[in-house]
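Commentary on secondary and tertiary structure
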Amino acid sequence: MTDFPGAPTAPSTGRLRVLAAMSGGVDSAVAAARAAEAGHEVTGVHLALSANPQSFRTGARGCCTIEDSRDARRAADVIGIPFYVWDLAERFREDVIDDFVAEYAAGRTPNPCLRCNEKIKFAALLDKAIALGFDAVCTGHYARIVDLPDGRRELHRAVDAAKDQSYVLGVLDADQLAHSLFPLGDTTKDVIREEAERRGLAVAKKPDSHDICFIADGDTQGFLAKHLGTATGDILDVDGTKLGEHDGAYGFTIGQRKGLRIGRPAPDGKPRYVLDISPVNNTVTVGPVEGLDVTGLTAIRPRWCGTEPLADGRYTAQLRAHGEEVPVSASVVDGELHVRLDSPARGIAPGQAVVLYDGTRVVGSATIATTERPAVQGSV
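Here the residue numbering is sequential within each chain, running from 1 through the sequence in written order. Whole-chain, interface and lining totals are the exception, using all residues; otherwise, since this is a predicted model, local features are given only for residues with pLDDT of at least 70 and side-chain atom pairs are given and counted only at 80 or more. To obtain the side-chain values, all non-hydrogen atoms of the structure were included, while hydrogens and water were left out.

Under the domain assignment used here, the chain contains domain 1 (17-199), domain 2 (230-287) and domain 3 (291-372). An automatic or database domain assignment is the source of the domain bounds shown. Placing a centre on the C-alpha atoms of domain 1 and another on those of domain 2 gives a separation of 38 Å. We call two residues in contact whenever any of their non-hydrogen atoms come within 4.5 Å of each other. Counting residues at the interface gives five residues for domain 1 and four residues for domain 2. Two parts placed together each lose some accessible area under a 1.4 Å probe, and adding up what both lose gives the buried area. Taking both partners together, domain 1 and domain 2 bury about 370 Å²; carbon and sulfur atoms supply 64% of that area. Interface area lost by domain 1 to domain 2 is led by Y104, G107 and T109, which between them contribute 79%. Any N or O atom pair separated by 3.5 Å or less is treated as a polar contact, with the protein-specific requirement of one donor-capable and one acceptor-capable atom, and with residues adjacent in sequence counted only for side-chain atom pairs. Joining domain 1 to domain 2, the criterion identifies zero residue pairs in polar contact (both at pLDDT 80 or more). Among the residues making up the side of domain 1 that touches domain 2, the classes are represented as three nonpolar, two polar and no charged. All residues other than Ala, Val, Leu, Ile, Met, Phe, Trp, Tyr, Cys, Pro, Asp, Glu, Lys and Arg, Gly among them, are scored as polar; the first ten of these are nonpolar and the last four charged.

Below is the structure:
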């Protein structure tokens, strides 16, 4: 049997019963093919996450259309594995879409992909898989699992840094890692597409999905307006001066520069950025770019990819999807993660995830609740 690094320990038969989550894209198709080629007993499953799926994708957006389901089925046929479609639309709506809307309504900036991994792919899906007798869930995520001599498993960054998805997998705990399979973590996207061509998979050249899968047209503000309605409020300078009005604070994000509609320039002629969003009084505060500097943060609901850190430690942290790692000091106090940045970072907003790394190893993830910033002249 030709296996790959990071596969769970197989039973005495040497074969794992693997449930391969197949989105209809090239990555999950090749992941399933690699698991089958390794000799495991693989079953493909496509998650129907939309109650009213569109027939076709809009460009490269989304991964939940009827077309995607058909692409996944065709890939399973080529691989030669059984294939099913599981309806998780209601669970997805409650745990991902409703959470997304509620977070924006509260003035926070959520990451729905991370929430989907936590609540759907590695909670609802994995729980159902284990109940049905499967040993592991296989996905096309770019990340690596490293097995230690004592039986513990660690989550590490992928070899292909440009495709690494460990940030959105940082919510996985030790039990979930024990039943996870990431066959693509040791290779690059170019190799995966070439392999898909060689295997005869029609999705070899299919564009990657991006942005938010349940907002197929990419209009996040329009989606939120439909769910939250309009609510006129003030746009304020850091000294409290009213500069303009908005139709809904949810339409702004921390660090936003364009589309502020404040009319007149700042006295120093420099651009303004969104510094704060307050759902309590429905205001958006703007100011100079220096006001975005974050020197520390507190994060809640930490989830550890293994053992919880026992003391203050030195790590690197990724503070948003596709963001760079920054050196930090971190500690856990009364169940909250406290992080101190060596150098200020910008564009950090409550609701986002902070993921700690020790080298390439993922230590854990938590949701940013508050940030600390140096005082900005004229701020209140």
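Here we take up the UniProt feature "binding site: ATP" (unreviewed entry) in the chain. With numbering aligned to this structure, UniProt lists the feature "binding site: ATP" (unreviewed entry) at A21, M22, S23, G24, G25, V26, D27, S28, L47 and G140. Numbered from the N terminus, helices here are DSSP runs of H or I no shorter than four residues, and strands are runs of E no shorter than two. Take V26: it is sitting in helix α1 (residues 26-37). Burial status follows relative accessibility: with a 1.4 Å probe on protein chains alone, a residue under 20% of its type maximum counts as buried, one over 50% as exposed, and anything between as partly exposed. You can call V26 buried: its relative accessible area is 3%. Dropping the residues within four chain positions of it, V26 is found in contact with K189, I192, R193, A196, V203, A204 and D208. Tracing the chain through its elements places D27 in helix α1. Given a relative accessible area of 14%, D27 falls into the buried group. Not counting residues within four places of it along the chain, the set of residues in contact with D27 comprises G140, Y142, L184, K189 and I192. UniProt positions are given in the numbering used here, feature names are shortened, and annotations may be inferred rather than shown by experiment.

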